[in-house]
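Structural overview
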Amino acid sequence: MTTTTAPRKAARKATRPAAPNANTKSTTGTDLAEPPFGGESPDRLRELYRDMLFVRRFEERTAQAYQQAKIGGYCHLNLGEEATVVGMGAAMRPTDYLFTNYREHGYALAKGIEPGRVMAELYGRSTGTSKGWGGSMHMYDTATRLLGGYAIVGGQVPLAIGAALAIDYRGDDDVVVCQMGEGTTNIGAFHESLNIAALWNLPVVFLVINNQTGMGTTVEKSSAEPDLYKRAASYRMRGERVDGTDVLAVRDVASELIEGARREGKPALLEAVSYRLKGHSVVDPAKYRTTEAVETAREHDPIALWHSRLLEAGVLTEESAEAVEAEVRESVAAAVEFADSSPHPDPSSLFDYTYATPVPGEQRRLPADPLFR
């Protein structure tokens, strides 16, 4: 291996926290009332607004296409979580790796995958990120280093640890971000993975999206410790909580944690608190939610909040907001058109990627094929 590996590991061991408690600072967001937004350029602030709006409109068209039976299978949307999606994307380098759960359309867009390819995968077309065979829950793109899209709750967490170990073994300076929902923090693989990450000083940041309603159960009723960022303390790992409706707050805290993992091999856990605007999946009517909970979620709509703040600061005008809206809708429509016009995968390609290399005696019989020829 390269000569940088051993010194890098030595530096990590020297900087590992000795205290058993996580940093439990709660970040509530960036004060947007004081221009110039901590030195942020107006163009960058508008770009973040555009990216959040694009995820929103993309997901709304996804829901529409599902109702039109153009999308099948399970389908989970990022509606209400756009600030966290875009903020985390802005904090990562293009070469950093991202593992996600099944609610990953927005993350695929934030990682730089062409919107048409994302929509085509939802449509089950051969031009999609997984050539149409993965669908909503299995986005994958090695070029942008989005390594899934996992349908099993927590299935991505051990694999993210493996990627972080590979980075450490090679002596690279990339970081792995492993995104998950709050329900994943209750499974064994979560705790095993945090333990290994801390023990081996791996460059990984665990992002827990706490939308406060697992599938249909509140965090308080499913977790003995509902402050999820505190779970990092068990592994002498830094834990932070951030306002998941504030794109700048997410980006800034995530950037700090990612750079700590990059420079010193300090794994960390970031809990982003947000509100899910719809049910668990497209077909979930969310009847378990009270009227008050739905209203609270609407009041914390990250795009509406960001839009209002930018208007108040003069960074955005109603005219420029309408122009962004028109451009976003046009781009989303182009993605839909690309998906609609793309071919379905040929059934003969169903088994092409079952194994990485050819396997003698591999079974490739389709359901309608005879058992013997």
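I will try to describe carefully the structure that is included in this document. Note that this is a predicted model, so its numbers are computed, not measured. (Residues numbered from 1 in each chain as written. Predicted model: local features only at pLDDT ≥ 70, side-chain atom pairs only at ≥ 80, totals over all residues. Heavy atoms only, no water.)

**What about the overall build of the protein chain?**
What counts here: Put simply, DSSP marks the helices as runs of H or I at least four residues long and the strands as runs of E at least two long, and each gets a number from the N terminus on. Throughout, exposure labels follow a simple rule: accessible area from a 1.4 Å probe, protein chains only, divided by the maximum for the residue type, with under 20% read as buried, over 50% as exposed, and the rest as partly exposed. Residue contacts are defined here by distance: any two heavy atoms, one from each residue, within 4.5 Å place the two residues in contact. Throughout, the Shrake-Rupley method with a 1.4 Å probe supplies accessible areas, and for residues the shown protein chains are the sole cover considered.
Each helix and strand in the protein chain was counted, giving 12 helices and six strands. For the protein chain, the residues scored as buried account for 50% of the 373 residues in total. Expressed as a percentage of contacts within the protein chain between residues at least 6 apart in sequence, the contacts between residues at least 24 apart total 75%. Counting every atom, the protein chain has about 17,300 Å² of accessible surface; 55% of that belongs to carbon and sulfur.

**A word on helix α9 (residues 247-264)**
As a reminder, the rule being used: Here the expected span of a helix is defined as 1.5 Å times the quantity of residues minus one. Contacts described as polar in this section are N or O atom pairs within 3.5 Å, which, within protein, must combine one atom able to donate a hydrogen with one able to accept it, while residues neighboring in sequence count only if both atoms come from side chains.
The first and last C-alpha atoms of α9 sit 26 Å apart over 18 residues, in line with the 26 Å expected at 1.5 Å per residue. Where α9 is concerned, the buried positions are V247, L248, A249, V250, R251, V253, A254, L257, I258, G260, A261 and R262. The distance from a side-chain oxygen at the start of α9 to the backbone nitrogen of L248 is 3.1 Å, and the residue carrying that oxygen is D246. Looking one or two places after α9, you find G265, whose phi comes out positive at around 65 degrees.

**Digging into the environment of Q212**
Take Q212: it is sitting in the loop between β4 (204-210) and α8 (219-222). Judged by its relative accessible area of 28%, Q212 is partly exposed. Residues Q212 and Y275, spaced 63 residues apart in sequence, show a C-alpha to C-alpha distance of 6.8 Å. Setting aside anything within four residues of it in sequence, one finds Q212 in contact with E182, T217, T218, V219, V273, S274 and Y275. Among the polar contacts listed, one links the side chain of Q212 to the backbone oxygen of S274, at a separation of 2.8 Å.

**Some details on the packing of aromatic side chains**
As a reminder, the rule being used: Here the aromatic set is Phe, Tyr and Trp, taking the six-membered ring for Trp, and pairing holds for ring centres within 6.5 Å; pairs whose planes are under 30 degrees apart are stacked, those over 60 apart are edge-to-face, and all others are tilted.
Enumeration according to the criterion identifies two aromatic pairs in this entry. With a centroid separation of 6.4 Å and 20 degrees between ring planes, the pair formed by F99 and Y150 is classed as stacked. Within this pair, whereas F99 is found in strand β2 (residues 97-99), its partner Y150 is found in the loop between α5 (115-122) and α6 (156-170), the two being separated by 51 residues in sequence. On the basis of relative accessibility, which here comes to 4%, the residue F99 falls in the buried class.

**Here we look at helix α2 (residues 42-67)**
For α2, built from 26 residues, the straight-helix expectation of 38 Å at 1.5 Å per residue is met to within 8% by its first-to-last C-alpha distance of 38 Å. Among the residues trailing α2, A69 stands out with phi positive, at a value near 65 degrees.

**Topic: the side chain of S342**
Structurally, the position occupied by S342 is in the segment after α12 (318-341). Not counting the four nearest positions on each side in its chain, S342 is found in contact with R125 and T127.

**Thoughts on the nonpolar core**
Selection criterion: We call a set of buried Ala, Val, Leu, Ile, Met, Phe, Trp, Tyr and Cys residues a nonpolar core when their side-chain atoms join them within 4.5 Å.
In terms of nonpolar packing, the biggest core is built from 64 residues, with Y49, F58 and W306 touching the most fellow members. Considering every element that reaches this core, the biggest residue donor is α2, with 11 residues.

**Observations concerning the side chain of T144**
With respect to the helices, strands and loops of the structure, T144 is situated in the loop between α5 and α6. Among the residues examined, T144 registers a relative accessible area of 13% and is labelled buried. Setting aside chain neighbours within four positions, we find T144 in contact with P94, D96, K111, G112 and I113.

**Quick notes on the packing of α2 against helix α3 (residues 82-91)**
The cut-off we apply is this: Angles here are taken between N-to-C directions and fall from 0 to 180 degrees, while the axes themselves are lines fitted to C-alpha atoms, restricted in helices to the stretch in contact. Small angles under 35 degrees read as roughly parallel and large ones over 145 as roughly antiparallel, with 65 to 115 read as roughly perpendicular and the rest as oblique. Note on convention: near helix rotated counterclockwise from far helix by under a right angle means a left-handed crossing. Clockwise means right-handed. For this scheme, ten residues count as nonpolar: Ala, Val, Leu, Ile, Met, Phe, Trp, Tyr, Cys and Pro. Four count as charged, namely Asp, Glu, Lys and Arg, and the remainder, Gly too, count as polar.
Packing of α2 against α3 leaves a shortest axis separation of 9 Å and a crossing angle of 125 degrees. With respect to α3, the element α2 is oriented oblique. Considering how the two elements wind past one another, α2 and α3 form a crossing that is right-handed. Across the interface between the two elements, R44, L48, D51, M52, V55 and R56 of α2 pack against E82, A83, V86 and A90 of α3. A class-by-class count of the residues in the contact of α2 with α3 yields six nonpolar, no polar and four charged.

**Description of the pairing of strand β5 (residues 238-243)**
Spelled out, the test is: The handedness rule is simple: strands pointing away from the viewer, and a clockwise path from the first strand over the helix to the second, make the crossover right-handed.
The buried fraction of β5 amounts to five of the six residues, a majority that puts the element mostly inside the structure. This β-α-β element, β5 to α9 to strand β6 (residues 268-273), shows right-handed connectivity.

**Observations concerning the pattern of salt bridges**
As a reminder, the rule being used: Every case where a carboxyl oxygen of Asp or Glu lies within 4 Å of a side-chain nitrogen of Lys or Arg is listed as a salt bridge.
Scanning the model with the defined rule gives 28 salt bridges in all. With a shortest N-O distance of 2.6 Å, R46 and D43 are connected by a salt bridge. With R46 and D43 both in helix α2 and three residues apart, the pair spans about one turn of that helix. In this structure D43 comes out as exposed when scored by relative accessible area, which is 55%.

**Digging into the environment of Y353**
For Y353, the position within the fold is in the segment after α12. When the C-alpha atoms of Y353 and S130 are compared, they prove to be 10.0 Å apart, with 223 residues separating the residues in sequence.

**Description of unusual backbone geometry**
Along the chain, G148 connects to G149 via a cis peptide bond; the corresponding omega equals 15 degrees. Residue position: G149 is located in the loop between α5 and α6. One non-glycine residue, A69, adopts positive backbone phi at about 65 degrees. By the secondary structure assignment, A69 is in the loop between α2 and α3. Even without a glycine there, the phi angle at R145 is positive, about 65 degrees. Mapping R145 onto the fold places it in the loop between α5 and α6.

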